[in-house]
Amino acid sequence: MKPRRTQNLSGALGAANFLIHRITERIARSLTYQGRVVDLGCGNAPYKDIILEQADEYIGVDWENSAHDQSQVDVFADLTKEIPLESDWADTLVSFQVMEHLPEPEFFLRECMRILKPGGRLYITVPFMWRVHEAPHDYFRYTRHGLEYLLSKVQFEQIEITEYTGFWQMFVLKFNYHSLRYAKGPLKYFWVPIWLLNQTIAPWLDRVDRNPNEPVGYVVSARRSESNSHSKAKAA
Ligand SMILES: C[S@@+](CC[C@H](N)C(=O)[O-])C[C@H]1O[C@@H](n2cnc3c(N)ncnc32)[C@H](O)[C@@H]1O
């Protein structure tokens, strides 16, 4: 199956931020999906085809307030409340760029723990240096230490947290988003070559000058233990 492209290069926004789509698509391709995969906060499900290259089943979950196209949503649910999915049901959970939108992240992670089968894996991505988006439902930015604290509290194990850029890609994306203000009408033709050049150079700069303290965001991989029960997780 040919994956849908997740990047849209048409228009000023597409030219200014194609790097973030490349980064997030690369992350989605780097993960291992097994069995039944539930995508919590799926939006327009940009990674569904990538996930289905490995998984048996894909279920997209999002809420009715979503600003995104809802045609790929299989289950409508508010992730701030109990999620209407059975316990011990999913082999893999993914939630890409969603937890910053949830006012009670610990409650959400407990729900993830409940829905996952023992031994199942959770993948989360969250922004760190990123502008406010989907306001007013944009509540938090996480550091790796905050993520580790929350996941450990809910008793996830094998927690791995990785910065998905260094400083340079973060800086270039911030610069490009900001410069969109000045790219109206014919001025766009001034900015487009700058955006194309800086997004081409930034990944290389991040390789030679890696600063882990100012990433765009983090990718998290964590596992539900084979043995822990929901009651044990709730009591923590
Ligand atoms: C930044 S978008 C990410 C969408 C998709 N995961 C992606 O990577 O393209 C955040 C998503 O979280 C969803 N979301 C935010 N708050 C939610 C809530 N309380 N319940 C369910 N979904 C929520 C939004 O509707 C949106 O689809």
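Residues numbered from 1 in each chain as written. Predicted model: local features only at pLDDT ≥ 70, side-chain atom pairs only at ≥ 80, totals over all residues.

Undergrad: Summarise the overall build of the protein; cite the residues concerned and give the values.
TA: On a plain count of helices and strands, the protein comes out with seven helices and seven strands. Starting at the N terminus and walking to the C terminus, you meet the elements of the protein as α-β-α-β-β-β-α-β-α-β-α-α-β-α. Computed over the C-alpha atoms, the radius of gyration of the protein is 18 Å, within 12% of the 18 Å expected from 2.2 N^0.38 for a compact globule of 236 residues. Based on the C-alpha atoms only, the size of the protein along its principal axes is roughly 60 × 35 × 35 Å. Classification of the 236 residues of the protein by burial places 36% in the buried group. Here the contacts in the protein between residues at least 6 apart in sequence split such that 71% fall between residues at least 24 apart. (Helix = DSSP H or I, 4+ residues; strand = E, 2+ residues; numbered from the N terminus. Rg over C-alpha atoms; globule rule 2.2 N^0.38 Å. Buried ≥ 20, exposed ≤ 12 C-beta atoms within 10 Å, placed from the backbone. Contact = placed C-beta atoms within 7 Å.)

Undergrad: How would you sum up the site of the ligand? Please name residues and give values.
TA: Taken together, 18 residues surround the ligand, and among them Gly41, Gly43, Trp63, Ser66 and Leu79 come closest. Of the residues in the shell around the ligand, the class split is seven nonpolar, eight polar and three charged. (Near = placed C-beta within 6 Å. Nonpolar A, V, L, I, M, F, W, Y, C, P; charged D, E, K, R; others polar.)

Undergrad: Lay out the packing of helix α5 (residues 167–179) against helix α6 (residues 188–208) with the relevant residues and their values.
TA: The interhelical angle for the contact between α5 and α6, taken along N-to-C directions, is 165°, at an axis separation of 8 Å. Classified by the angle between their axes, α5 and α6 sit roughly antiparallel to one another. For the pair α5 and α6, the sense of crossing is left-handed. Here Trp168, Gln169, Val172, Asn176 and Ser179 of α5 come into contact with α6, specifically with Trp191, Trp195, Asn198, Gln199, Ala202, Pro203, Leu205 and Asp206. Along the lines of polarity and charge, the residues of the contact of α5 with α6 split into seven nonpolar, five polar and one charged. (Axes fitted to C-alpha atoms, helices over the stretch in contact; angles between N-to-C directions. Parallel < 35°, antiparallel > 145°, perpendicular 65-115°, else oblique. Left-handed = near helix turned anticlockwise from the far one by under 90°.)

Undergrad: Go over the environment of His21 with me, naming the residues and quoting the values.
TA: Positionally, His21 belongs in helix α1 (residues 11–30). With 16 C-beta atoms counted inside 10 Å, the residue His21 sits in the partly exposed group. Residues His21 and Pro46, spaced 25 residues apart in sequence, show a C-alpha to C-alpha distance of 9.9 Å.

Undergrad: Give a detailed account of unusual backbone geometry, specifying residues and quantitative values.
TA: Residues Ala135 and Pro136 are joined by a peptide bond in cis, for which omega reads 10°. Locating Pro136 in the fold gives a position in the loop between β5 (116–127) and α4 (144–153). The phi torsion at Glu134 lies on the positive side, around 50°, for a residue other than glycine. Residue placement: Glu134 occurs in the loop between β5 and α4.

Undergrad: Give a detailed account of the environment of Val220, specifying residues and quantitative values.
TA: Locating Val220 in the fold gives a position in strand β7 (residues 217–224). A C-alpha to C-alpha distance of 9.6 Å links Val220 and Leu151, two positions 69 residues apart in sequence.

Undergrad: Describe the sheet that holds β5, listing the residues and the values that go with them.
TA: Sheet strands associate in pairs through backbone hydrogen bonding, adopting either a parallel or an antiparallel arrangement. Spatially, the seven strands line up as an open sheet ordered β3-β2-β1-β4-β5-β7-β6, and their pairing is mixed. Edge positions in the open sheet fall to β3 (75–76) and β6 (156–163), since each of these has one partner strand only. Sheet topology note: the strand β1 (residues 36–40)/strand β2 (residues 57–62) ladder contains five bridges and is parallel. Along β2, the bridge assignment pairs Val37 with Tyr58. (Pairing = 2+ DSSP bridges.)

Undergrad: Any details on the packing of α1 against α5? Residues and values, ideally.
TA: Two elements in contact, α1 and α5, have axes whose closest approach is 9 Å; the angle formed by their N-to-C orientations is 150°. One finds that α1 runs roughly antiparallel with respect to α5. Handedness of the crossing formed by α1 with α5: left-handed. Of the residues in α5, those touching α1 at Ala16, Asn17, Leu19 and Ile20 are Gln169, Val172, Leu173, Asn176 and Tyr177. Taken together, the residues of the contact of α1 with α5 sort by class into six nonpolar, three polar and no charged.

Undergrad: Kindly report on the pairing of β5, identifying the contributing residues and their values.
TA: The buried fraction of β5 amounts to nine of the 12 residues, a majority that puts the element mostly inside the structure. Sheet topology note: the strand β4 (residues 90–96)/β5 ladder contains six bridges and is parallel. By the bridge assignment, Leu93 is partnered in β5 with Leu122. Taking the sense of rotation as the criterion, the β-α-β connection linking β4, helix α3 (residues 105–115) and β5 turns out right-handed. (Right-handed = clockwise from strand over helix to strand, strands pointing away.)

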